[in-house]
Amino acid sequence: MRRRAVAAASAATVGALLLGGCAGAGEPVVDPSTLERGDVGVQLFQLPWTAVAQECERVIGPAGYGWVLVSPAQEHIVAEPWWASYQPVSARIESRLGTRAEFAEMTARCAAAGVDVIADAVINHMSGRDQPSVGWAGSPYSHFEYPGLFDDGDFHHCGLTADDDIRDYTSREQVQSCELVNLADLDTASPHVRERIVALLTDLIDLGAAGVRIDAAKHIPADDVAAIVGALPDGTRVISEVIRSAREPIAPEEYTAFGEVFEFQYARDLWPQLESGLLADPELDGDRPAHVPSSAAVVFIDNHDTERGEADLTWRDGDAYVMAVALMLADDYGTPVVYSGYAFSDRDAGAPTDAAGRVLGTVCTGDAVGPAASGAAALEDGDRTCVHAWPQIRGMVELRRVAAGADRLPGVVAGDAFGFEREGRAVIAVNPGTEPAEIAVPTSLPDGRYCDVISGGPRIGVDGPCTGAVIEVAGGAARIALAAGATAATHRFATAP
Ligand code: LM2
Ligand code: CA
């Protein structure tokens, strides 16, 4: 078990600038404007480049997020579903999410707002179309011929199953050399194929992307991914998508030597643990069993695939979703990414488009949204959920920046509620139960009145009274009353006037 340090030591040691004039014991010892930009990302699913740029400037940059993950940028098949994006047909950066010039403008405008763009890179496969056709930008192609890019000899024909499709996920060979749902599988061991993929990724980086998500990385041998990303400029961020399964031989750990991985286990564990009170276990500090090391883990509550499948919680769950995302952001494990997509009732439905088939850009406002306003009943199919702009989530992004580097101390339980401190910096409490609860979370925050950033949103740079609940800290504890299903959290600079 971790030792509890003496009160307020950590806040004082970071002390840089003393701010005058604040009332009470909640006087900040660090100028909050010197806070580092956060490590939190936003997955902006199927959002066009022009809208991503606006979003960076209006909400994502100001809220202190560090990066956005956008949908694939390559020319793709012509089809209505969102997953057209995952069937590339040429090397052109020209898609229904935007043009090459728009992609470059997006990365520049996001960078100016302090936000990195991570590009989704589909490099395991090309299309799954059996009939010859023409792509979004006019490039002709057939299943195994992409003129000027790849031809038949560049693809696997695994010969291990009747139609060359992956059947058995316990077979490494099938998973990596057969076809994922009929998608033409690139022979990534071939020097020529690697060269072409490196050129594709380098192009995205030249256009200003700070890094790449390696789509379907489990289906590409780790050595092949290593060789490809090893040829990219130093400092390129690489996040491999390797869906963990205890029943399969290919593990995310194989992909951590050259970058980060999405740690799917985090979301799978969170809600069951929350319901059973296990999150209060001090053994959950820092690295976690059955997870990649914290520094290699990108964590999420849901993404575009899991919200259409395995996810326990999505934006539709309102307060419970806020609770899960808030716990992830308050945690000291991994690098979190907040998912922001659109409402749908048909899992295949693409984002709304104009008459020419270009996806419409909807921009979220930084206020007046949240689970209450955008619950399942309030959103129409195609409406953006704007989760990243919800004040509860922006408040937690702020809290995470304040808490950066502070230890996560052992949790405490009070009935169904539990909470924990990020030492000297922040506290969070949640009540997953069905009855109201009160909890006293031990803390070395100075005595005083603090604003709840869940009910009140971000506080730094905001003048005036708390618009949310007030949390009293006295005698080494934050006393927090929580309605059933509620979350409350506050930090060192969220003092109430
Ligand atoms: C991924 N990560 O590993 C993406 O996150 C996931 O969204 C992709 O699947 C998948 N891998 C391939 O890049 C999506 C979607 C599938 C869709 C594929 C290809 O979830 O449903 O498959 O993209 O567009 C669709 C049809 C499927 C068909 C296939 C090929 O649903 O029935 O297979 O196209 O025509 C015959
Ligand atoms: Ca493959």
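This text goes with the structure placed above it.
The sections below set out a description of the structure shown in this document. Model, not experiment: these values are computed from the prediction.

### Concerning the state of the cysteines
So, step 1. One pass over the full model with this rule turns up four disulfides.
So, step 2. Note on cysteine connectivity: Cys-364 is disulfide-linked to Cys-386, with sulfurs 2.0 Å apart. Negative torsions about the S-S bond denote left-handed disulfides, and the value of about -80 degrees found for Cys-364 with Cys-386 makes this one left-handed. Linking Cys-364 in the loop between strand S10 (335-340) and helix H9 (391-403) with Cys-386 in the loop between S10 and H9, this pair joins segments that are 22 residues apart in sequence.
So, step 3. Here Cys-451 is linked by a disulfide to Cys-466, with a sulfur-sulfur distance of 1.8 Å. Taking the sign of the torsion about the S-S bond as the criterion, the disulfide between Cys-451 and Cys-466, at about -75 degrees, is left-handed. Taken together, the residues span a long stretch of sequence, with Cys-451 in strand S15 (residues 448-451) and Cys-466 in the loop between helix H10 (453-456) and strand S16 (470-474) at a distance of 15 residues. Neither residue differs from the other here; Cys-451 and Cys-466 are each classed as buried.
So, step 4. What connects to what in the protein, once the bonded cysteines are numbered by sequence position, is 1-2, 3-4, 5-6, 7-8.

### What about the nonpolar core?
So, step 1. Core analysis: the biggest nonpolar cluster contains 120 residues, and Val-68, Phe-103 and Met-396 have the highest contact counts within it.
So, step 2. For this core, the two domains that each supply at least three residues are domain 1 (11-403) and domain 2 (412-491).
So, step 3. Beyond its immediate sequence surroundings of up to four residues, Met-396 is in contact with Ala-326, Leu-329, Ala-330, Ile-428, Val-453, Ile-454 and Ala-489.
So, step 4. Counting 15 residues, the second largest nonpolar core, distinct from the first, contains Ala-417, Val-441, Leu-445 and Tyr-450.

### Describing the site of ligand 1
So, step 1. The immediate surroundings of ligand 1 are formed by 17 residues, with Trp-83, Gln-87, Asp-215, Glu-241 and Asp-305 found nearest.
So, step 2. A distance of 2.7 Å separates an oxygen atom of ligand 1 from a polar backbone atom of Trp-83.
So, step 3. One nitrogen or oxygen atom from the side chain of His-304 is found 3.0 Å from an oxygen atom belonging to ligand 1.
So, step 4. In the complex, 77% of the free accessible area of ligand 1, which totals 680 Å², lies under the protein chains.
So, step 5. Its atoms largely coinciding with the cavity grid, ligand 1 occupies the largest pocket.

### Side note on helix H5 (residues 191-206)
So, step 1. Between the first and last C-alpha of H5 there are 22 Å, a value that for 16 residues agrees with the 22 Å anticipated at 1.5 Å per step.
So, step 2. Burial in H5 covers these residues: Val-193, Ile-197, Val-198, Leu-200, Leu-201, Asp-203, Leu-204 and Ile-205.
So, step 3. Looking at the buried residues of H5, the elements they touch are helix H3 (100-112), strand S3 (116-121), strand S6 (211-214) and helix H6 (222-230).
So, step 4. Backbone geometry just downstream of H5 places Gly-208 in the positive-phi region, at approximately 110 degrees.

### Overview of the packing of aromatic side chains
Aromatic ring pairs are described here by two measures, namely the spacing of the ring centres and the angle between the planes.
So, step 1. One pass over the structure, following the stated rule, counts 14 aromatic pairs.
So, step 2. Taken together, a centroid distance of 5.6 Å and an interplanar angle of 15 degrees make the contact between Phe-45 and Tyr-342 stacked. Residue Phe-45 is found in the loop between strand S1 (41-44) and helix H2 (49-63), and its partner Tyr-342 is found in the loop between S10 and H9; the two are separated by 297 residues along the sequence. Comparing Phe-45 with Tyr-342 shows no difference in burial state: the two are buried.
So, step 3. An angle of 65 degrees between the planes, with centres 6.1 Å apart, marks the rings of Phe-262 and Phe-300 as edge-to-face. Within this pair, whereas Phe-262 is found in strand S8 (residues 260-262), its partner Phe-300 is found in the loop between strand S9 (297-299) and helix H8 (319-330), the two being separated by 38 residues in sequence.

### Overview of the coordination of the calcium ion (ligand 2)
So, step 1. Surrounding the calcium ion (ligand 2) are the protein donor atoms Asn-124 (OD1), Gln-176 (O), Asp-185 (OD), Asp-185 (OD) and His-219 (O), at 2.4 to 2.7 Å.
So, step 2. Each donor residue of the calcium ion (ligand 2) lies on one chain, and together they are spaced N-x51-Q-x8-D-x33-H. With a gap of 52 residues between them, Asn-124 in the loop between S3 and strand S4 (133-134) and Gln-176 in helix H4 (residues 172-177) connect regions that are remote in the sequence. No difference in accessibility class separates Asn-124 from Gln-176, as the two residues are buried.

### A look at the sheet that holds strand S2 (residues 67-70)
So, step 1. The parallel closed barrel is built from eight strands, whose spatial order is S1-S2-S3-S6-S7-S8-S9-S10. With direction set aside, neighbouring strand axes in the sheet form an average angle of 30 degrees.
So, step 2. Relative to S10, S1 runs parallel, the two being bridged by four bridges. Counterpart to Val-42 in the pairing with S10 is Val-338.

Procedures and definitions
- Residues numbered from 1 in each chain as written.
- Chains lettered and ligands numbered in written order.
- Predicted model: local features only at pLDDT ≥ 70, side-chain atom pairs only at ≥ 80, totals over all residues.
- Heavy atoms only, no water.
- Disulfide = S-S within 2.5 Å.
- Helix = DSSP H or I, 4+ residues; strand = E, 2+ residues; numbered from the N terminus.
- Buried < 20%, exposed > 50% of the residue type's maximum accessible area, 1.4 Å probe, protein only.
- Core = buried A, V, L, I, M, F, W, Y, C linked by side-chain atoms within 4.5 Å.
- Domains from an automatic or database assignment.
- Contact = heavy atoms within 4.5 Å.
- Near = heavy atom within 4 Å.
- Polar contact = N/O pair within 3.5 Å; in protein donor to acceptor, adjacent residues only side chain to side chain.
- Areas by Shrake-Rupley, 256 points an atom, 1.4 Å probe, with all protein chains shown as cover.
- 1 Å grid on protein atoms, 1.4 Å probe; cavity = no way out; pocket = protein on both sides within 12 Å on 5 of 7 lines; lining within 4 Å.
- Sits in = over half its atoms within 2 Å of the grid points.
- Expected span 1.5 Å × (residues − 1).
- Phe/Tyr/Trp six-rings, centres within 6.5 Å; stacked < 30°, edge-to-face > 60°.
- Donors = N, O, S within 2.8 Å, 3.2 Å for Na, K, Ca; no water.
- Pairing = 2+ DSSP bridges.
- Axes fitted to C-alpha atoms, helices over the stretch in contact; angles between N-to-C directions.

Fair warning: the whole summary comes from geometry, so function is off the table for now.
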